[in-house]
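Architecture and fold: a report
Residues per chain, in single letters:
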Amino acid sequence: ASCDALIAAAVGATGRLDTIVNNAGVQVEKPIEDTTDHDYEALQQLILRAIEIIRSHDFDQYFNLFTDDAVWMMPSSYDDVYKEEARNFYRFTQKFRFDQQVSIEELFVDHDVAFARISFDGYLKPRFDLESPPMRSVSRHLWLFERQPDGQWKISRDIWNNHKLPAKRAGSAG
């Protein structure tokens, strides 16, 4: 039942679900009525901590918020990216800082799994070459979370895309 609810929520949030992977692991059974405000607060704090780290000078701490088997599903890529590859990808953050508005658009918790829809909108600004112009950076993320055996939440998946402005519609002004 909890899987059905999570799938329905993911389809409702994204419009479709292409693949499901049954990843066996430790599960602590907890009735849905036992999902407390504490779960939502803990997840919100985790998200806020991730945003704080993203904006900081110590981006490497970001990866401590993820499970050891975390997967990044990046735009325009058919290959999954795992933790070490993601560390390599995000090395660019040594030269840039994120100056973005962040909105948490949805947070859904079901027992020991959760997801959040998060949007980033702003600029990547050079840290050292202050003459270089900032680069526009807009992305939408679906973060999946898993409760760990110790009760803490961690991010297990980061599924994201880059925002594209909608094409002009026939008959629209401008």
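Keep in mind it's a predicted model, so treat the numbers as computed, not measured.

Looking now at the overall build of the protein chain. Helix and strand counts for the protein chain stand at three helices and six strands. Along the protein chain, helices and strands appear, N-terminal first, in the series α-α-β-β-α-β-β-β-β. Taken across its 174 residues, the protein chain has 34% of its residues classed as buried. Across the protein chain, the fraction of contacts at a sequence separation of at least 24, relative to all contacts at a separation of at least 6, is 55%.

Structurally, the position occupied by Asp 58 is in the loop between helix H2 (37–55) and strand S1 (66–73). Given the relative accessible area of 40%, Asp 58 is considered partly exposed. Sequence spacing of Asp 58 and Gln 94 is 36 residues, and the spatial spacing of their C-alpha atoms is 8.5 Å.

Across twelve bridges, the pairing between strand S4 (residues 113–126) and strand S5 (residues 135–147) is antiparallel. Opposite Ile 118, over in S5, you have His 141 as the bridge partner. Judged from the nine bridges that link them, S5 and strand S6 (residues 153–162) form a sheet pairing that is antiparallel. By the bridge assignment for S6, Trp 143 is matched with Asp 158.

Further remarks concern the sheet that holds S5. Backbone-to-backbone hydrogen bonds join strands into a sheet, with any given pair of strands oriented parallel or antiparallel. Taken in spatial order, the six strands line up as S2-S1-S6-S5-S4-S3 in an open sheet, and their pairing is mixed. Both outer strands of the open sheet, strand S2 (81–82) and strand S3 (96–110), are each paired with one neighbouring strand and no more. Seen against the sheet, H2 touches S3, S4, S5 and S6 and runs at an angle of roughly 165° to S3.

What follows deals with the pairing of S3. As paired strands, S3 and S4 are joined by 14 bridges and run antiparallel to one another. Each bridged residue has a counterpart across the sheet, and for Leu 107 the counterpart in S4 is Ala 116. Where S3 hands over to S4, the hairpin turn is made up of two residues, of which His 111 adopts a positive phi near 60°.

Here is what the cut-offs are and how they apply
- Note on numbering: residues in each chain are counted from 1, in written sequence order.
- For a predicted model such as this one, the threshold for reporting local features is a pLDDT of at least 70, and the threshold for listing and counting side-chain atom pairs is 80 or more; totals across whole chains, interfaces and linings nevertheless cover every residue.
- Side-chain calculation: all heavy atoms of the structure are included, whereas hydrogens and water are not.
- In this text, helices come from DSSP runs of H or I with a minimum length of four residues, and strands from runs of E with a minimum of two, each type numbered from the N-terminal end.
- Throughout, exposure labels follow a simple rule: accessible area from a 1.4 Å probe, protein chains only, divided by the maximum for the residue type, with under 20% read as buried, over 50% as exposed, and the rest as partly exposed.
- When checking whether two residues touch, look at their non-hydrogen atoms; a contact exists if any pair is within 4.5 Å.
- A pair of strands is labelled paired if DSSP reports no fewer than 2 bridges between them.
- To define axes, lines are fitted to C-alpha atoms, for helices over the stretch in contact only, and angles between the resulting N-to-C directions are given on a 0 to 180 degree scale.

Limitation: the analysis is restricted to geometry and does not speak to function.
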